[in-house]
Amino acid sequence: MKKPLHFLFLLPIVISMMLFLSCERNTIEPENEYENKAVVVNEGPFPNGSGSLTVFDRNTHESGQEVFLSANGRPLGNVVQSATVHHDVLYVAVNNSNKLEIAHIDSFVSIASLDVSLPRYFLGISEEKGYVSSWNDEVYVVDLVKNRIGDTISCPTGPDRMVLAGGKVFVLNSGGFQNDNRVTVIDPQTDQVVTVVTVGDNPSGAVIDRDDKLWVLCAGKGWNGFPAADDTPGSLHRIDPLQNEIERSIIFTDSSVHPSRLAISGERNRLYVLFPDGVAVMGIDDAELPSPDLIRGNFYGMEVDPSNGMIYLTDPVDYVQNGWVYAYLPDGSLSDSLRAGIIPSSIAFP
Amino acid sequence: MHRLLIIILLFIFWKNAFSQETVPDTVINLQLVTISEPKETLFTQGLRVAVIDAAAMQAPANSSLGELISRETPAYVKSYGQGSIATISMRGASASHTGILWNGLNLYQPSTGMTDLSLVKSAFFEDIALVYGGSSVLFGSGMIGGAILLGHEPSFYDHGRIRLEFNTGSFGRKEALAGFYFGKENLSSRTIFAISGSKNDFPYRDPSGNIVELPHAATENAGFIHDLSLVTGEDSDLQVAVWYQDASREVPPTSIMAVSEAVLYDRFVRTMANWNLSREKYELQVTGGYFNELETYRDPLAEVSSRIYNQTAVIKIGNRIVTGKNQQLLAGISGRMEIADIDAYQEVKSDLRSSLYGSYLVLFPSIGWKGSLGARLVADRDYPLSILPSVGLDGKISRNFPLRFNVSRNFRSPTLNERYWTPGGNPGLKPETSWNAEAGAGYEKKGASLELAFGATVFSYLVNDWILWVPRGALWYAENILQVWSRGVEIHGKQAFEPNDRWSLTLSENYHFTRATREKKISENDQGLGKQLIYTPVHSAGLKVAAGYRQYRVVTNINATGPVYTTTDNEHALPGYLLSDILLSARYPWRFHELEISLSVLNVFDEDYVVVEYRPMPGISFLASVKLFINVIRTDP
């Protein structure tokens, strides 16, 4: 008689334990599940306001807002320019708060907060070293073990996006608050400038293609919709990163329309260029860039998920409310959308 | 200087029975004074006029118009910090929808359509009143939410007075004021100098929870106003005024920025001349003004340097004719030239405005009612002709129950920035227009020692073609894109009790409920439709208790501001806050002179709050003041 009673007594406890454990399994995410997630960088309102990070599932597109604030109890800062994932760590450049925030990619808990003047982008070079570009016309070397800023590399104006190609770092000189037309090449072994390549006005995007060539997009000089006499057209340049030379240039015909972003497909054989009224797509061996007909609309940021080729386009609406990120399939059809924060501008893929 | 201070301090300990001799134009706190409404409101039937208490205007904490209005009225003052830019929002309308009138002339800057209230010194004016509601028919562009009237009437009687004031307070706040008031039968002169500054290095809690001192927030400013009136004939007088102000303000970083080196410099000279002819059945007023304003902003860290140079020339000729036993006609013409020189315009831009306006006032003295019908013909150079009507009614149901009613059409012309800013400005913008309606009722009773007043107003207005800067592609464009509907209820009360000539007690309370919502989408996925405008509190309330015993006075102001949204989809909000201030003052007369000392405690409960997101505001602070009123020549008015 005792055994059945025992059993009856224990059963509810066992059942609730099972429920509890199963609940736990749903809420605690294993550490490496973040690979299914990506982080939207929301610049935040300027000048009063903080940017934020939105985490989303790359398959289901479920999103969670303000993850840095939730994890750390403090806002990221003003004008969050970019975020980059490198060896399981998230590096966030908060431009107007002059900070490089370093946090765990899975929990977003802060590891360190470095003082950097006007930071723009972070590039991970090795497990111990990274670079951060600054509109102070400098690139700073970051010691990723001690999480400290080390040497300074002087640069032409407005060092911006950076890519690693051919064992070297190519830094786009966007001009900062002015205009520039150069790409600085830095040897990461010595932290010295090797050479400077002249491209078109306002280099704004850089990707590496399947043949390991570096493509640079230049926006050209001028405001979209406000043509002026000294406007120059946008252009695309294919650079051989071993020789540091331009192999091919495509100069766009209309000098009053300026592209803003460059992305490459998942297989790294198709280039996407974001124009004010849509996205244009071009094969890397094609002769010229077609009109922006793949996806029509006006968007702020463009990113491609390297694992599945999904094209993400951001819409900040009026820049004073939570924005949207639209997910498009490589054929240009709309798949899904998700809510982001204020002024979503780019996405960091682990 | 120090010796003089010691002599002044000695008077503090010398008690005198309070003298019954009242000194004209200084603080009168033991008599119930019937404050007459400014003459501009003669034809604004149905609109609520709230005259600001003269004593409040003299409180050291209310040194600037922004501080005065946020403390004494429920109108929302958007302040970027102590001494920083402050703009007003009345009834949910933006700062460019509220007019600041100086002796009837609108002070808005041609480039922005707004006025910075932190640059207007309360002490420079004798009369400050708020008019709630739309009054474009009488006063022109930009009078949709309300108006602030600043004025000073001449004092044509023998008097000669000097007013010296020195204030010092927390965080390096200092102010020195010297006023010279002189008059005779046919001459009245006021000259007031004011110099002030503050370090503003107050402690605040940053978003990480650390207590830090606000860096780079010092302000320095100097100004003066000179107002001269002359009797020019049996029934005419001429008034000339010059008003100068400069301010150099360090712009502090927000609480999420590490550093700022930005500096804002302002300097303006405003001049005006007014000739009045006043006969039994006819009044003519010719007013001219010229305003010259320079503002430079430098931010070495962001490599930004901008210069804004605004000039305005305005002329107004108004006639008031008594056309019948109980009828008056107001007819006027006004012309305004606005010029702005800003780098972003690429060349100097101007605007030329002119209007004809009129109002017909009918009085029904037997039942205590007044009604007016007004119209304005707007003939601006760059816009088609338009006519705006208004109708207003002011009356009473029995002696104690006033009623008000007003319906009007109002407008705001696009500013020069909206038209000519490159890139994005649109010279083809249309003026914003609105229909405003309001109705009010109340209860008033004035007894020998008790005065009671209660009132409630409901209002609703719809603004069409509201101009917004919207992003299209990579650029922002000014467009007549929005429709805004603002409606609400305003409740206010005042109880003044003066049982004898020693004691007095005044309570005033107010509550404003304002729903101002966007009624159009600016793009397909705009989540702002139907949502409250940003930085527009729905709830706002205030309580003021002023008690006086002989020459001592205690005044408490408690202001509650409800939460405001910072995003147009209303998904982010700043918490509401409660601010309490106390003023303790004592006056010591000696012969015909008077000394007043006071201590103010601001933000008594050390409330941690911000008005604009991430712009720190000070916690508890103190302000001590010594005022000396020296009567050189004295005659009763």
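Note that the structure is a prediction, hence the values are computed from the model and not measured. Every chain is numbered on its own, with residues counted from 1 as its sequence reads. Starting at A for chains and at 1 for ligands, labels are handed out in the order in which the entities are written. Predicted model: local features are reported for residues with pLDDT of at least 70 only, side-chain atom pairs are reported and counted for 80 or more only, and whole-chain, interface and lining totals are derived from all residues. Neither water nor hydrogens contribute to the side-chain values; these are computed over all heavy atoms in the structure.

Attention shifts here to the overall build of chain A. Counting secondary structure elements, chain A contains two helices and 28 strands. Throughout, the radius of gyration refers to the C-alpha atoms, and the reference size of a globule is 2.2 Å times the residue count to the power 0.38. Taking 350 residues into account, the globule formula puts the C-alpha radius of gyration at 20 Å, and chain A, at 23 Å, falls close to it. Each principal axis of the C-alpha distribution contributes one length, and for chain A these read about 95 × 45 × 40 Å. Throughout this description, buried means an accessible area under 20% of the type-specific maximum (1.4 Å probe, protein chains only), exposed means over 50%, and partly exposed covers the range between. Relative to its 350 residues, chain A shows a buried fraction of 55%. By the criteria applied, helices consist of DSSP H or I runs no shorter than four residues and strands consist of E runs no shorter than two, each listed in order from the N terminus.

The working definition used for a salt bridge is a side-chain nitrogen of Lys or Arg within 4 Å of a carboxyl oxygen of Asp or Glu. Scanning the entire structure with this criterion turns up 50 salt bridges over all chains. Notably, a salt bridge pairs D318(A) with R518(B), separated by 3.6 Å at the nearest N-O pair. Of this pair, D318(A) sits in the loop between β25 (311–315) and β26 (322–328) while R518(B) sits in strand β26 (residues 503–518), placing the two residues on different chains. The same class applies to D318(A) and to R518(B), which are both buried. When salt bridges with common partners are traced through the structure, they connect R336(B), E338(B), D351(B), R353(B), D380(B), R381(B), D382(B) and R419(B) into a single cluster.

Once that is clear, we can look at the nonpolar core. Each nonpolar core is a collection of buried residues, namely Ala, Val, Leu, Ile, Met, Phe, Trp, Tyr and Cys, held together in the definition by side-chain atoms within 4.5 Å. Judged by nonpolar contacts, the single largest core of 38 residues is most densely connected at L65(B), W102(B), F125(B), I128(B), I148(B), L150(B) and W243(B). Only heavy atoms enter the contact rule, under which two residues are in contact if any of them lie within 4.5 Å. Not counting the four nearest positions on each side in its chain, I148(B) is found in contact with L65(B), I69(B), I88(B), G99(B), I100(B), L101(B), L117(B), I128(B), A129(B) and L130(B). Of all hydrophobic cores here, the second largest spans 17 residues; its members include L53(A), A83(A), V94(A) and F108(A).

Right, let's get into the packing of aromatic side chains. Under the pairing criterion, centres of Phe, Tyr and Trp rings, with the six-membered ring standing for Trp, must be within 6.5 Å; the plane angle then separates stacked pairs below 30 degrees from edge-to-face pairs above 60, leaving the rest tilted. All chains considered together, the criterion is met by 22 aromatic pairs over all chains. On the basis of an interplanar angle of 10° and a centroid distance of 3.9 Å, the ring pair of Y91(A) and F122(A) is categorised as stacked. Taken together, the residues span a long stretch of sequence, with Y91(A) in strand β5 (residues 89–94) and F122(A) in strand β8 (residues 119–124) at a distance of 31 residues. Just as Y91(A) is buried, F122(A) falls in that class too. Relative to F349(A), the ring of Y312(A) lies with its centre 6.1 Å away and its plane at 40°, an arrangement referred to as tilted. Taken as a pair, Y312(A) in strand β25 and F349(A) in the segment after β28 (344–348) lie far apart in primary sequence, 37 residues in all. For the pair shown, Y312(A) and F349(A) are each scored as buried. One aromatic cluster is present, built from ring pairs that chain together W102(B), F125(B), W243(B), F268(B) and F291(B). The positively charged end of R91(B) is found above the aromatic ring belonging to F459(B), 4.4 Å away from the centroid. The side chain of R487(B) reaches across the aromatic face of W485(B), ending 3.7 Å from its centre. Whether a charge sits over a ring comes down to the Lys NZ or Arg CZ being within 6 Å of the ring centre and within 35 degrees of the ring normal.

For interface size, the figure often reported is the accessible area lost on association. In this assembly, 32 residues from chain A lie in contact with 40 residues from chain B. At the boundary of chain A with chain B, total buried surface from both sides reaches about 2700 Å², with 54% on carbon and sulfur atoms. There are three salt bridges connecting chain A and chain B. In this structure, the salt-bridge partner of E571(B) is R339(A), at a minimum N-O distance of 3.5 Å. Each of two parts loses accessible area, computed with a 1.4 Å probe, when they are put together; buried area is these two losses added.

Attention shifts here to helix α3 (residues 65–72) of chain B. Within α3(B), seven of the eight residues are buried, leaving the element largely enclosed by the surrounding structure. Taken together, the buried positions of α3(B) are L65(B), G66(B), E67(B), L68(B), I69(B), R71(B) and E72(B).

Here the focus is the side chain of S580(B). Tracing the backbone shows S580(B) in strand β31 (residues 577–590). If we skip the residues at most four places from it in the chain, S580(B) touches N557(B), I558(B), V601(B), L602(B), N603(B), V604(B) and F605(B).

Here we take up the side chain of T73(B). Residue and element names in this part refer to chain B. Topologically, T73 is positioned in the loop between α3 and β2 (76–79). Whenever a nitrogen or oxygen atom comes within 3.5 Å of another N or O atom, the pair is scored as a polar contact, on the condition that within protein one atom can donate a hydrogen and the other can accept it, and that pairs from neighbouring residues in sequence are kept only if both atoms are in side chains. A distance of 2.8 Å separates a polar atom in the side chain of T73 from the backbone oxygen of I69. At 3.2 Å, the side chain of T73 and the backbone nitrogen of A75 are in polar contact. Look past the residues within four positions of T73 in its chain and what remains in contact with it is I52, L68, L130, Y132 and N559.

We call a pair of cysteine sulfur atoms a disulfide when they lie within 2.5 Å. Scanning all chains against the criterion turns up zero disulfides over all chains. Cysteine C155(A) shares no disulfide, and the gap to the nearest cysteine sulfur, in C218(A), comes to 15 Å.

The pairing of strands in a sheet comes from backbone hydrogen bonds and takes either a parallel or an antiparallel form. Residues and elements named next belong to chain B. The sheet built from five strands is open, its strands ordered β1-β6-β7-β4-β5 with mixed pairing. Looking at which strands have only one partner, the edges of the open sheet turn out to be β1 (49–51) and β5 (105–106). When DSSP locates at least two bridges between a pair of strands, those strands are taken to pair. Looking at chain direction, strand β4 (residues 98–102) and β5 are connected through two bridges and run antiparallel. When the sheet's bridge partners are listed, W102 is paired in β5 with L105.

What follows deals with the sheet that holds strand β27 (residues 334–342) of chain A. Residues and elements named next belong to chain A. Spatially, the four strands line up as an open sheet ordered β24-β25-β26-β27, and their pairing is antiparallel. Either end of the sheet is taken by a strand with one partner, and the two such strands are β24 (302–304) and β27. Put simply, the sheet's adjacent strands are angled 25° from each other on average, direction ignored. Across three bridges, the pairing between β24 and β25 is antiparallel. Bridging from a neighbouring strand, M302 pairs with L313 of β25. Axis geometry follows a simple rule: fit a line to the C-alpha atoms, using only the stretch in contact for helices, then measure angles between N-to-C directions, giving values from 0 to 180 degrees.

The step from T422(B) to P423(B) runs through a cis peptide bond, and the omega angle for that step is 0°. As for its placement among the helices and strands, P423(B) is situated in the loop between α5 (416–420) and β23 (432–446). One non-glycine residue, N147(A), lies in positive phi territory at about 55°. With respect to the helices and strands, the residue N147(A) is situated in the loop between β10 (138–143) and β11 (148–154). With a relative accessible area of 17%, N147(A) lands in the buried category. Despite not being glycine, Y535(B) has its phi angle at roughly 50°, a positive value. On the secondary structure map, Y535(B) appears in the loop between β26 and β27 (539–549).

A patch is a set of surface residues, each over 30% in relative accessible area and not in a salt bridge, joined within 9 Å for like charges and within 5 Å for the nonpolar side chains Val, Leu, Ile, Met, Phe, Trp and Tyr. Method for areas: the Shrake-Rupley scheme with a 1.4 Å probe, in which residue coverage is limited to the protein chains shown. Only four residue types enter the tally: Lys and Arg on the positive side, Asp and Glu on the negative side; His and the chain ends are excluded. Lysine's charge is taken at NZ, arginine's at CZ, aspartate's at CG and glutamate's at CD. Where like charges cluster on the molecular surface, the negative patch consists of D88(A), D106(A), E127(A) and E128(A). Looking at the secondary structure, you find D88(A) in the loop between β4 (80–86) and β5.

Time to look at the environment of I311(A). All names here are of chain A. Of note, I311 is situated in strand β25. Exposure remark for I311: the relative accessible area of 0% places this residue in the buried category. For the pair I311 and P156, spaced 155 residues apart in sequence, the C-alpha separation works out to 32 Å. Ignoring any residue separated from it by four or fewer positions in sequence, one finds I311 in contact with Y272, L294, I295, M302, E303, V304, Y326, A327, Y328, L329 and P330.

What follows is about a nonpolar patch on the surface. All names here are of chain B. Together, Y360, L373, V391, L393 and F405 make up a nonpolar patch on the protein surface, roughly 410 Å² of accessible area in all. Residue placement: Y360 occurs in strand β19 (residues 349–364). In this structure Y360 comes out as partly exposed when scored by relative accessible area, which is 31%.

Residue and element names in this part refer to chain B. Along the polypeptide, Q245 turns up in strand β14 (residues 236–250). Beyond its immediate sequence surroundings of up to four residues, Q245 is in contact with L119, K121, F124, N221, A222, G223, D266, R267 and F268. Within the structure, the side chain of Q245 is placed 3.3 Å from the backbone oxygen of A222, a separation counted as a polar contact.

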